[in-house]
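Coordinate inspection notes
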Amino acid sequence: MGLFEGKKGLVFGIANDHSIAWAITQQLHAEGAEMGFTHLPDKDPERPRMERRLRKLVDDFDKFILPCDVQNEENLDAVFAKAKEEFGEIDFVLHSIAYAPMDDLKGPVHNVSRDGFKLSMEISCYSLISLASRARKILKPGGNILSLTYLGGEKVIPGYNIMGVCKSALESTIEYLANELGPEGFRVNALSAGPLKTLSSSAVGEFDQMTKLYESFSPLRRNITPEEVGKTGMFLMSDQASGISGENLHVDAGYHIMG
Ligand code: NDP
């Protein structure tokens, strides 16, 4: 019997088959989880590109697919209403979302625009609060929320720029949420992944150099694979991790310990 047999949850952040959320979803599915998924609303409903991309991946096993821009309260309400209708209660929420406008992401932090800062923080950090406030109303005791972060939230990583500031805020948010939701029986954790080529990471400057550094200097002298991130994400959301909350677990071939 799989670790997620009878367990139900929501997954936010699959853009395509390179997405970290997809790597985790594959492991959750293999362990028997039932899931609802979201995608960014399509600008042209006649050409539902986002929905099609997601549907292609999860069509065999999704319980539902809904559009959701995390900046839109109505979208968020609709997703959690659907989860309640479909599942009653849920066991997990995967938050695998980040965004910063290209002009702000590419430049130094001291040049970030006010609007770019607000947008980056809202989508990359506040969205977790939006999900947590709704999730706690339908999470089962023992349920949990997992979010994705990167070492650039703890240390200065050249090229990571404003996203590093967002990840710092996200990691702090995870700790506060863990403390607040813990007495209700819920866990909140972060998985800090090494660099993987995805749509989001292709916007990060010096990404290729980052990957090479991991291959040369991490304790394992290599980078991680999507499957390794997927397996650890699945573990953190499973009952095997029932004693883990407020954690920031690095899946980065050990790179974070290096000076
Ligand atoms: P992806 O681009 O595959 O995933 C990012 C997701 O965020 C996409 O599905 C994107 O939707 C979604 N998104 C962006 N803006 C919004 C919004 N307003 N509302 C709803 N969804 C939105 O990249 P990754 O898988 O790399 O990123 C997932 C998470 O992992 C991010 O938090 C990222 O910072 C983190 N991470 C990534 C690492 C890497 O090296 N790739 C390393 C460590 C952490 P759409 O594509 O449709 O715009």
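Please refer to the structure higher up on the page.
This report concerns the structure included in the present document. (Residues numbered from 1 in each chain as written. Predicted model: local features only at pLDDT ≥ 70, side-chain atom pairs only at ≥ 80, totals over all residues. Heavy atoms only, no water.)

1. Focus on the packing of helix H3 (residues 73-87) against helix H5 (residues 114-135)
When two helices pack together, you describe them by how their axes are tilted relative to each other and by the distance separating the axes. Two numbers describe how H3 lies on H5: the axes approach to 10 Å, and their chain directions differ by 40°. Judged by the sense of rotation from one axis to the other, the crossing of H3 with H5 is right-handed. Only Ser130, Leu131, Arg134 and Ala135 of H5 make contact with H3, whose side of the interface consists of Glu73, Leu76, Asp77 and Phe80. Taken together, the residues that form the contact of H3 with H5 break down as 4 nonpolar, 1 polar and 3 charged. (Axes fitted to C-alpha atoms, helices over the stretch in contact; angles between N-to-C directions. Helix = DSSP H or I, 4+ residues; strand = E, 2+ residues; numbered from the N terminus. Left-handed = near helix turned anticlockwise from the far one by under 90°. Contact = heavy atoms within 4.5 Å. Nonpolar A, V, L, I, M, F, W, Y, C, P; charged D, E, K, R; others polar.)

2. Notes on the site of the ligand
Residues in close proximity to the ligand total 29 residues, the closest being Ser19, Ile20, Leu196, Thr198 and Ser200. A distance of 2.5 Å is found between an oxygen atom of the ligand and a side-chain nitrogen or oxygen belonging to Thr198. Between the ligand and Ser200 there is a distance of 2.8 Å, counted from an oxygen atom to a side-chain nitrogen or oxygen. Calculation on the ligand without its partners gives an accessible area of 880 Å², and the protein chains cover 91% of this total. Residue assignment for the shell around the ligand shows that the elements contributing at least two residues are helix H2 (49-58) and strand S5 (139-149). When its residues are assigned to classes, the shell around the ligand shows 18 nonpolar, 8 polar and 3 charged. (Near = heavy atom within 4 Å. Polar contact = N/O pair within 3.5 Å; in protein donor to acceptor, adjacent residues only side chain to side chain. Areas by Shrake-Rupley, 256 points an atom, 1.4 Å probe, with all protein chains shown as cover.)

3. Notes on H3
Here H3 spans 21 Å end to end across 15 residues, near enough to the 21 Å set by a 1.5 Å rise per residue. Within H3 the residues assigned to the buried category are Asn75, Leu76, Val79, Phe80, Ala83 and Phe87. One face of H3 carries all of its buried residues, which in axial projection span an arc of 130°. Turned more than 90 degrees away from the buried face of H3 sit Glu74, Lys84 and Glu85, all of them exposed. Against the buried residues of H3 lie strand S1 (8-12), strand S2 (34-39), strand S3 (62-67), strand S4 (90-95) and H5. (Expected span 1.5 Å × (residues − 1). Buried < 20%, exposed > 50% of the residue type's maximum accessible area, 1.4 Å probe, protein only. Arc of directions from axis to C-beta.)

4. Points about the packing of helix H1 (residues 20-30) against helix H8 (residues 226-237)
Running from amino to carboxyl end, H1 crosses H8 at an angle of 60°, the nearest separation of the two axes being 7 Å. Relative to H8, the element H1 lies oblique. Crossing angle aside, the handedness with which H1 passes H8 is right-handed. In this structure, H1 contributes Ile20, Ala23, Ile24, Gln27 and Leu28 to the contact, and H8 contributes Pro226, Glu227, Val229, Gly230, Lys231, Gly233, Met234 and Met237. Class assignment for the residues of the contact of H1 with H8 results in 8 nonpolar, 3 polar and 2 charged. (Parallel < 35°, antiparallel > 145°, perpendicular 65-115°, else oblique.)

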